[in-house]
Structure formats: C-alpha cells, structure tokens
Amino acid sequence: MTRILFLALFFSICQFLEAQTNIQLSFNLLHNKKPVKNESLLVSKTGDTLSVEILKCYISLIELKLKTGKIFKEKNSFHLLDFENTSTVNLHLNSGPLGEIDYITFNLGIDSTTNVSGALGGDLDPSKGMYWAWQSGYINFKLQGTSSKCLTRKNQYQFHLGGYLSPYCALRKIKLVFQKESKQNINIAIELDDFFNKIDLSKTNTVMIPCKEAVMLSDLACKIFSIQE
Amino acid sequence: MKKKIIILFFYLGIIALSFVSLKPKSINFIIPKGWPKVVYDFSKNTLTEDGVELGRHLFYDPILSRDSTISCASCHLQAVGFTHVDHDLSHGIEDKIGTRNSLALMNLAWSKNFMWDGGVNHLDVQPLAPITSKVEMDESIENIVRKLNSGSKYKSLFKRAFSDSNVTGQKTLLAISQFVLQLNSYNSKYDKYIRKEAGGEFTEQEKNGLRLFRKSCSSCHTEPLFTNNDFMNNGLPLDTILKDFGRYNTTKNSKDSLKFKVPTLRNIEFSYPYMHDGRFKKLFQVLNHYSSDLTKSKTLAKELQVPIALTSNEKVDIVAFLLTLTDKSFLSNPKLSYPKTFFSKATKE
C-alpha cells in the first residue's frame, strides 16, 4: 500500500516539474508602448481621443519552431483572448521542456475547415459572442469603443473582422522571430497605436461583415503583434 | 477475505451495469433506397433518443425568444410541412414581420447550406439566425444558455442527452440538430409509386403530370429530394419594397444577383404561399409564372430563357402530380409533434 502511495507521489511530482517547464504565452495590450487598462482614455498620434471597450480575438494553431529545427505544435490550438478577462490572455502550452525557440507562428482567426464544422465547444462555442448568425462564420477579431472622430451613434466604432471565403478571407498567419534568446515566458505585445494610426476613424468606423474593408483591416490587425524581449 | 472479494465484484458489477443503462440509446438514420448520400456528418453528433427528445423540447419551447413568445414551431408548423401557412413573410416577436417566407423543414441531412440565400453553412448553426433576428426571436445564444442553466427541467434533459447537466451553446445547437434531422419525408404517394408499394397506384392524370414534370421542372426540382440544392434566378420581378437580391447579399458576387435557394416541392400542397417572399398563394399561379411571366435579367436561369410551354390541361395534370408529394405520415407523426406532457408539467410547477 505504501509503495502505491509513494509511486503516486512520485508521478505527481514529475508532472508538477514538467508543468514548470511548460511555455507560457502572454498577450499584453499596449497603446503607445504603455499597458492599456479597461476603459482608459487614449490619445492617438493623429490627436483624437479614443477608448477601447472590447478587444477579443482568436489565436489558433500555435507552433514553435526550435533552433534545432524541431517544431512543437499545440494540440486543439484554439484560444479566444478577451482582454476584459485576464485569465484568457495568458496561455499555458502543454509543451514540456523545449530548447531555444527560433520563431513562433499562429493564426489570427479561425481556419476555413473549422468555420464549416457546425456547432463546436470550448472557446469555439457560438455562445462566446464571436460567431455570426446570418452569414455563418467566426469573427476573428473584435474591437469596439468610442472616439470623438466617429460621427456615429454614441461616437462608436465597431470592427468585427472575419470571413473565410474568397475573396474576403480575413484569416492571417503571424510569424514572430526571436532576436534574443527565448524565455519560458513569452510576452507578445499588441500595439493598438499601430492599428489606429493607419486608419481614419471618421471614415472607417463600422465594419461588421466579410468585405473589402474587413480584409484591409485584417492586414493591419496582424501587424500589431510583436515579441516583447 | 473471499467474502470481501465477492462483495467487491458485486459492487463493480453494479457500477458497470449503471454505465450501460446510462449510455443513451442511439438511433439509426435511415437513408431511403436510391437516395443520394447525406451531407450531415453524423459522426460528430451521434443521434440518440434522449438527444432527439431534448431537441424536440427546445424546438417547441418559446424560451428561445427574448420574451418567451416565439418558438421554432411558431413559424415551422408540423401540419403544413414545418413552415408557416398563410404567412408570406416570417412573423416574429411583437408582431414584427421579416423579409422572407419561412422555408419548409424536411430532409435536412441532405442540405449543404441553409436559408433562401445559403448564408448559413451548417445545420448546427442554423438556429442562430432566427434566434438573433430582431424581428424573429430577438435573443442571444449566450442568454438562452443562461436561461436553460437556471432551471432544473432542462438540466436533467441535458444530463440524459449528453451525460452532463451543464448547458452550453454547442450542446443546445447539437440537440436541435438531432431533432430537426428527424423531419424526414419519404412516404408520400409518389414514393410508394416509385417503390411499387400498395397505396402508390397513380391515376393516368398523375402519371401524365409526372411525365410533364420530368420534362419541364426536374432539372432544378430534382428527384428524389425535389431540389438540386442550388440557387437560381427563376424570373420573378424584384419586389421594389423588399429589394431582396438573394444570394448576392451573402456572396456580394454580381453573378448571384436575384438567385434564391431552389426549395423542395415535397408536401407543397400545404406549404403555401410560395416563393421566397410568398407572393403566390396557389400552385396555378406558380405554373402561370413559369409558362408566361418570366422577367428577363442577366442572371435568369438558363433553363428559363424560354418560358415553359404548358397548356391549361397540362398544368392541371402537373398539379395533380404535385399533390402526390404529400406525406401524411410525416405531417401527423406524433414523434415530431408538440411534447405536451413536458410543457403541461412545466406550467403546473
């Protein structure tokens, strides 16, 4: 009996130690290099004040390419980041100990096969508010808030970017290369300034269907990710 | 010691038995002889008696709408082929009126996409469209999950269907799919005629109607589903108030302008009014449209470039044939009807 207990203890310690070596991936929302807190007022370089009320996006198919050439692929790799809920923006990859990482790739959004697979669960459950009803498909990236520049109702801007069918495919693959030695805790910055400085909110403020504008904004959105080293 | 071992095995036996009895009874999906392959992937949503029963309750429960007035069945009535008889446009919450005629629900496992414009890409996610429509149910799946989780009635049904009482959006949608996948119609007089069964004896008029139908209509309304599951512009003039361009609204491709889903003609005797905006009340109006009133446009179906030549006697024969597509056993199947016992218990509590 004591032998069984000892073995169980041994295995749980092993598991604990292995979990300690897992890669953690943290996404940090920044504006002008400073962390964004909920409903804080921001001023963009073009001078207009704006607030961010919702930022949710799907990160999927995470892969880590090691310096040795090996690739770690996360299984069932679908994550909904919701910056109102900090537990969703820190991802624990079940990687075990890995060597030094050369680069990381992931998708911003959901691939087309998953988009046509019916009702899915977990982060892909349609009740997460990231699924369109009248034109099926996932919203890859949702950014909402207000800006004095938007002459809309309550000065709102609303970007719901998605679409999996050509020619309005909004899925973007992101590749981030490590310049320095990679750490166990990988921090990825999402710099809002890089998004808002490239659009004119007085003209572009409401994009909520798969369309040309959604494709253009998806091209911008995938470039606001970078490794914080 | 021996005694202890016997007792241990006895308990293990009971545990094993309880697992056997807990496992929901699965249902076989029947594909009628000679029918095409199904589109729906049953391996991802195994049909079970408890799953179908849960779906049936959800289908008939107005809890799916914001103010608990509208259920799926409000616009999809069994007796008329699971559509809304006498309503040209869908009639939803607070007497609001939509922009399209509710489609008849049947043989859905063979459908690749849904709605008049094909905007919905999978049967499982179809309920989200009426649920979130401001003029139909005006509710969100998030809130439905909250409502279903807050009472004990549904939690026990979910427990039986999915071995877990926690309600999620996924399970809610999968259960509704399981029920609507039971809405299958293949026992009409026409089907019995094809299978050479008793009750399938066609009159000369019906035979002539079928012959004319195969000559003039079946390239789009293809047997045995009586639809080719495609989108076509059938020459209806644009309704200048609704301004509905059909499939174009979804694809934004000008080639899809004014194209709508080709609906099945099964049970058409009861599913009036006809067309995406319910503009025709009678089958004769539909036939008159195809034989004379086609509006020319760039996307008009190639099959309709010339109106279909039909004499008035031929039209009578085609209608006689169309009436053989009525499937009484489907329209009155008690397994598909309102689950009275569940809701009467619910009101008493």
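Just so you know, these numbers come straight off a predicted model, no measurement behind them.

J.: Is there a simple way to think about the overall build of chain A in this case?
T.: The secondary structure content of chain A amounts to four helices and 15 strands. Contacts spanning at least 24 positions in sequence make up 73% of the contacts within chain A whose residues lie at least 6 apart. When the accessible area of chain A is evaluated, it comes to approximately 12,000 Å², of which 54% is carbon and sulfur surface. Averaged over its 25 positive side-chain charges, chain A has a centre that lies 2 Å from the centre of its 21 negative ones.

J.: Any chance you could explain the overall build of chain B here in plain terms?
T.: Within chain B one finds 14 helices and two strands. If one aligns the C-alpha atoms of chain B with their principal axes, the spans along those axes are about 90 × 45 × 40 Å. For chain B, buried positions account for 50% of its 349 residues. The average position of the 48 basic charges and that of the 35 acidic charges among the side chains of chain B differ by 7 Å.

J.: What's the story with the pattern of salt bridges in this structure? I'm lost.
T.: A pair can form between side chains of opposite charge whenever their charged atoms are brought close. For the coordinates displayed, the defined rule picks out 22 salt bridges over all chains. When the shortest N-O distance is used, the salt bridge between Asp-219 of chain A and Arg-172 of chain A registers 2.6 Å. Taken together, the positions of Asp-219 of chain A in helix H4 (residues 212-221) and Arg-172 of chain A in strand S12 (residues 172-177) put the pair 47 residues apart, joining distant regions of the chain. The class for Arg-172 of chain A is buried, based on a relative accessible area of 15%. We note a salt bridge from Asp-41 of chain B to Lys-44 of chain B, for which the minimum N-O separation is 3.5 Å. Classification of Asp-41 of chain B as partly exposed rests on a relative accessible area of 33%.

J.: In this structure, what is going on with the interface of chain A and chain B? I would like to understand it.
T.: Between chain A and chain B, the residue contacts involve 20 residues of the former and 25 residues of the latter. Summed over both partners, the interface of chain A with chain B buries about 1,700 Å², with 58% contributed by carbon and sulfur atoms. The three residues of chain A that bury the most area against chain B are Ala-119, Ala-133 and Trp-134 of chain A, which together make up 35% of that side's buried surface. Counting across the chain A and chain B interface gives zero salt bridges. Within the side of chain A that touches chain B, the residues separate by chemical class into ten nonpolar, eight polar and two charged.

J.: When you look at the packing of helix H9 (residues 204-216) of chain B against helix H12 (residues 312-322) of chain B in this model, what are you seeing that I'm missing?
T.: In a packed pair of helices, the relevant descriptors are the angle between the two axes and the axis-to-axis distance. All names here are of chain B. Packing of H9 against H12 brings their axes to within 7 Å, and their N-to-C directions diverge by 100°. As the angle between them shows, H9 and H12 are arranged roughly perpendicular. Of the residues in H12, those touching H9 at Gln-205, Glu-206, Asn-208, Gly-209, Leu-210, Leu-212 and Phe-213 are Glu-314, Val-316, Asp-317, Ile-318, Ala-320, Phe-321 and Leu-322.

J.: Mind showing me how you'd approach helix H6 (residues 152-162) of chain B here?
T.: Each full turn of the α-helix corresponds to 3.6 residues, which orients residues three or four apart in the same direction. Residue and element names in this part refer to chain B. Residues Tyr-154, Leu-157, Phe-158 and Ala-161 constitute the buried set of H6. Summarising the axial view, the buried residues of H6 lie within an arc of 100°, below the 170-degree limit, and thus occupy one face. Directly beyond the C-terminal end of H6, a positive phi value near 55° is found at Ser-163.

J.: Got a minute to help me understand the packing of aromatic side chains in this structure?
T.: Any pair of aromatic rings gets described here by the distance separating the centres and the angle formed by the planes. Residue and element names in this part refer to chain A. Counted under the stated rule, the structure contains 30 aromatic pairs over all chains. With a centroid separation of 5.5 Å and 90° between ring planes, the pair formed by Phe-195 and Phe-196 is classed as edge-to-face. Judged by relative accessible area, Phe-195 falls into the buried class, the value being 0%. The exposure class assigned to Phe-196 is buried, which follows from its relative accessible area of 2%.

J.: Explain the nonpolar core to me, please; I cannot follow it from the model alone.
T.: Note that soluble globular proteins tend to have their nonpolar side chains buried in a common cluster. In this structure, Leu-58, Phe-59 and Tyr-154 of chain B are the most contacted members of the largest nonpolar core, which totals 67 residues. It is helix H7 (residues 169-180) of chain B that provides the largest number of residues to this core, a total of six residues. Excluding its chain neighbours within four sequence positions, the residues that come into contact with Leu-58 of chain B are Leu-64, Cys-72, Leu-148, Tyr-154, Phe-158, Thr-172, Ala-175 and Ile-176 of chain B. Residues Leu-93, Ile-104, Ile-174 and Ala-214 of chain A belong to the second largest nonpolar core, which totals 51 residues.

J.: Is there a simple way to explain empty space enclosed by the protein in this structure?
T.: In this approach, a probe sized like a water molecule rolls over the atoms, and the result shows the empty space that is left. All names here are of chain B. Taken as a whole and judged by the stated rule, the model has three cavities of 30 Å³ or more. Volume-wise, the largest cavity comes out at about 80 Å³. Every residue lining the largest cavity is counted, 14 residues in all, and those nearest its centre are Asp-244, Leu-258, Phe-260, His-276 and Arg-279. When grouped by side-chain class, the residues that make up the lining of the largest cavity number six nonpolar, four polar and four charged.

J.: Got a minute to help me understand the side chain of Asn-107 of chain A in this structure?
T.: With respect to the secondary-structure elements, Asn-107 of chain A resides in strand S8 (residues 101-108). The contacts of Asn-107 of chain A, once residues within four sequence positions are left out, are Tyr-58, Ile-59, Ser-60, Leu-61, Leu-171, Arg-172 and Lys-173 of chain A.

J.: Would you explain unusual backbone geometry in this entry?
T.: Trans is the common state for peptide bonds, and a negative phi is the common state for residues other than glycine. Residues and elements named next belong to chain B. Cis geometry marks the peptide bond from Glu-223 to Pro-224, where omega comes out at 0°. For Pro-224, the position within the fold is in the loop between H9 and strand S1 (231-232). A cis amide bond, omega -5°, links Tyr-272 with the succeeding residue Pro-273. One non-glycine residue, Phe-82, lies in the positive phi region at around 55°. Following the sequence through the fold, Phe-82 ends up in the loop between helix H3 (72-75) and helix H4 (128-132). In this model, Leu-258 sits at a positive phi of 65°, which is unusual for a non-glycine residue. Along the chain, Leu-258 falls in the loop between helix H10 (248-251) and strand S2 (260-261).

Reading the values: the criteria
Residue numbers here run from 1 along each chain, matching the order of that chain's written sequence. Each chain takes a letter, starting from A, and each ligand takes a number, starting from 1, following the order in which they are written. Only residues with pLDDT of 70 or above have their local features reported here, since the model is predicted, and side-chain atom pairs are shown and tallied only from 80 upward, although totals for entire chains, interfaces and linings are computed over all residues. Note that the side-chain values use all heavy atoms of the structure and ignore hydrogens as well as water. What counts as a helix is a DSSP run of H or I of at least four residues, what counts as a strand is a run of E of at least two, and both are numbered from the N terminus. The contact rule is simple, with two residues in contact once any of their heavy atoms fall within 4.5 Å. Note on areas: these come from Shrake-Rupley sampling with a 1.4 Å probe, and a residue is covered only by the protein chains present in the view. This count recognises Lys and Arg as positive and Asp and Glu as negative, with His and chain-terminal groups excluded. Charge placement uses NZ in Lys and CZ in Arg. For Asp and Glu, CG and CD serve respectively. For every residue, the accessible area obtained with a 1.4 Å probe (protein chains only) is divided by the maximum for its type, and the residue is called buried under 20%, exposed over 50%, and partly exposed between those limits. Criterion for a salt bridge: a side-chain nitrogen of Lys or Arg within 4 Å of a carboxyl oxygen of Asp or Glu. Defined here as a combined quantity, buried area equals the accessible surface (1.4 Å probe) lost by two parts on assembly, summed across both. Each residue gets one label: Ala, Val, Leu, Ile, Met, Phe, Trp, Tyr, Cys and Pro are nonpolar, Asp, Glu, Lys and Arg are charged, and the others, such as Gly, are polar. Lines fitted to C-alpha atoms define the axes, with helix axes restricted to the stretch in contact, and inter-axis angles between N-to-C directions lie between 0 and 180 degrees. These descriptions rest on fixed angle ranges, namely under 35 degrees for roughly parallel, over 145 for roughly antiparallel, 65 to 115 for roughly perpendicular, and the rest for oblique. Relevant arc is that of directions from the helix axis to the C-beta atoms, nothing else. For Phe, Tyr and Trp, where Trp contributes only its six-membered ring, two rings pair if their centres lie within 6.5 Å, and the inter-plane angle classes them as stacked under 30 degrees, edge-to-face over 60, or tilted in between. In these notes, a set of buried Ala, Val, Leu, Ile, Met, Phe, Trp, Tyr and Cys residues joined through side-chain atoms within 4.5 Å is what counts as a nonpolar core. Using only the protein atoms, space was sampled on a 1 Å grid; points where a 1.4 Å probe fits but cannot get out form cavities, open sets with protein on both sides within 12 Å along at least five of seven lines form pockets, and lining residues are those with an atom within 4 Å of a point. Grid points are joined across faces, edges and corners, and a volume is the space filled by probe spheres set on the points.

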